[in-house]
Amino acid sequence: IGGSSATVAYNAATGALLRLAAGEPANDRSHVSLAVSPGSATVYATSGNTPVGGSRHYWTVALKATTGAQLWQATYRGAGTANTVATTAIALSPDGSIVYVTGTAVAGKFTTIAYHAATGAQAWLRQSPNVGGNFVTPAFLAVSPDGSQVAVTGASDQASGQFGYQTAVFAAATGTPLWSAAYQGTGEASVPAGITFSHSGAQ
């Protein structure tokens, strides 16, 4: 369980507390997203975080699953133009070698970062296309079954002036933009609430 003060592990069968990891001291840690490596050796957590006396930023951490010991920590502060700097989703490549996080760090855009899972070194960083000028969080993230693509979706101002779906797909290895698409819907505002690939990766 990830939250404002610690990442906590319980025995799944009994509910007994196994361990906790406090990580970076937090003053205002928002929505925390978690992922576990394919071999269950590592737990990854990401959030928006405001440490005491510091500025708000993306916060991503890798923890040893058996002990809660921190393996690495990565932060990203963006351009300082977003109202709320925070990650809202995390996913791993199928082989567990890359960690992907997305959220808002620049006004009007979703910011997606790929980290090397073993070290926390940044592999690439990309901004989603800006359609009408404003995005609203949360952003959602998915990795294709073969690990070749990363898809991000969220709500954006459309040409009509109303919020609509805005989806962007990137090459997982390099972050190269592959395509983007918008959907307005029939109501005054359309806001996506999740994203996934088909098992074949064709959709």
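The model shown is predicted, which means the values in this text are computed figures rather than measured ones.

A. Highlighting the overall build of the protein chain. In terms of helices and strands, the protein chain carries zero helices and 14 strands. Mapped in sequence order, the helices and strands of the protein chain form the string β-β-β-β-β-β-β-β-β-β-β-β-β-β. Relative to its full complement of 203 residues, the protein chain shows a buried share of 46%. In the protein chain, the proportion of contacts linking residues at least 24 apart, taken out of those at least 6 apart, comes to 45%. With an accessible surface of roughly 9500 Å², the protein chain has 53% of that area assigned to carbon and sulfur atoms.

B. Structural detail: the packing of aromatic side chains. Under the defined criterion, the tally for this structure stands at six aromatic pairs. Ring centres of Trp124 and Phe170 lie 6.1 Å apart, and the angle between their planes is 40 degrees; this geometry places the pair in the tilted category. Pair noted here: Trp124 is in strand β10 (residues 122-127) and Phe170 is in strand β13 (residues 163-171), with a separation of 46 residues, a long-range link. Across the pair, Phe170 and Trp124 agree in class, each one buried. Aromatic side chains Tyr165 and Tyr183 sit 5.2 Å apart centroid to centroid with 65 degrees between the ring planes, which places their arrangement in the edge-to-face category. Highlighted residues: Tyr165 in strand β13 and Tyr183 in strand β14 (residues 177-183), separated in sequence by 18 residues. For Tyr183, a relative accessible area of 46% gives the class partly exposed. Following the ring pairs from residue to residue traces out a cluster consisting of Tyr44, Trp72 and Tyr115.

C. Examining the pairing of strand β5 (residues 57-64) more closely. With seven of eight residues buried, β5 is to be regarded as a mostly interior element. Pairing of strand β4 (residues 42-49) with β5 involves eight bridges; the strand directions are antiparallel. By the bridge assignment, Ser47 is partnered in β5 with Trp59. Pairing between β5 and strand β6 (residues 70-76): six bridges, direction antiparallel. Note that in β6 the partner of Leu63 across the bridge is Gln70.

D. Summary view of the side chain of Ser93. Tracing the sequence through the fold places Ser93 in the loop between β7 (86-92) and β8 (98-106). Looking at Ser93, its side chain comes within polar contact range of the main-chain nitrogen of Ser97, at 3.1 Å.

E. Quick look at the confidence of the model for the protein chain. Counting all residues, the mean pLDDT for the protein chain is 86, and 87% of those residues have values of 70 or more. Looking over the protein chain, one finds the lowest element-wise mean pLDDT in strand β2 (residues 17-21), namely 79, and the highest in β10, namely 95.

F. Quick peek at the sheet that holds β6. Across the sheet, which stays open at both edges, the four strands sit in the order β3-β4-β5-β6 with antiparallel pairing between neighbours. Whereas interior strands pair on both sides, the edge strands pair on one side only; in this sheet they are β3 (33-36) and β6. The sheet shows a mean angle of 15 degrees between the axes of neighbouring strands, taken without regard to direction.

Cut-offs and rules
All chains use their own residue numbering, which begins from 1 and follows the written sequence. With pLDDT at 70 or above as the cut-off, local features in this predicted model cover only qualifying residues; side-chain atom pairs require 80 or more to be listed or tallied, and sums for whole chains, interfaces and linings still use all residues. The side-chain values count all of the structure's non-hydrogen atoms but skip hydrogen atoms and water molecules. Helix numbers and strand numbers start at the N terminus; a helix is a DSSP run of H or I with at least 4 residues, a strand a run of E with at least 2. Only protein chains enter the accessibility calculation, which uses a 1.4 Å probe; a residue whose area is less than 20% of its type maximum is buried, one above 50% is exposed, and one in between is partly exposed. Whether two residues are in contact is decided by their heavy atoms, any of which lying within 4.5 Å being enough. Per-residue and other accessible areas were derived by the Shrake-Rupley procedure at a 1.4 Å probe size, with only the shown protein chains allowed to occlude residues. Paired rings are identified among Phe, Tyr and Trp, the last through its six-membered ring, by centres lying within 6.5 Å, and are further divided according to the angle between planes into stacked (under 30 degrees), edge-to-face (over 60) and tilted (the rest). At least two DSSP bridges between two strands are needed for those strands to be called paired. Counting of polar contacts relies on pairs of N or O atoms within 3.5 Å, with two restrictions inside protein: one atom must be capable of donating a hydrogen and the other of accepting it, and residues adjacent in sequence are counted only when both atoms are side-chain atoms. Every residue carries a pLDDT, the predictor's confidence in it, which falls somewhere between 0 and 100. Axis angles are defined between N-to-C directions and span 0 to 180 degrees, where every axis is a line fitted to C-alpha atoms and, for a helix, only to the segment in contact.

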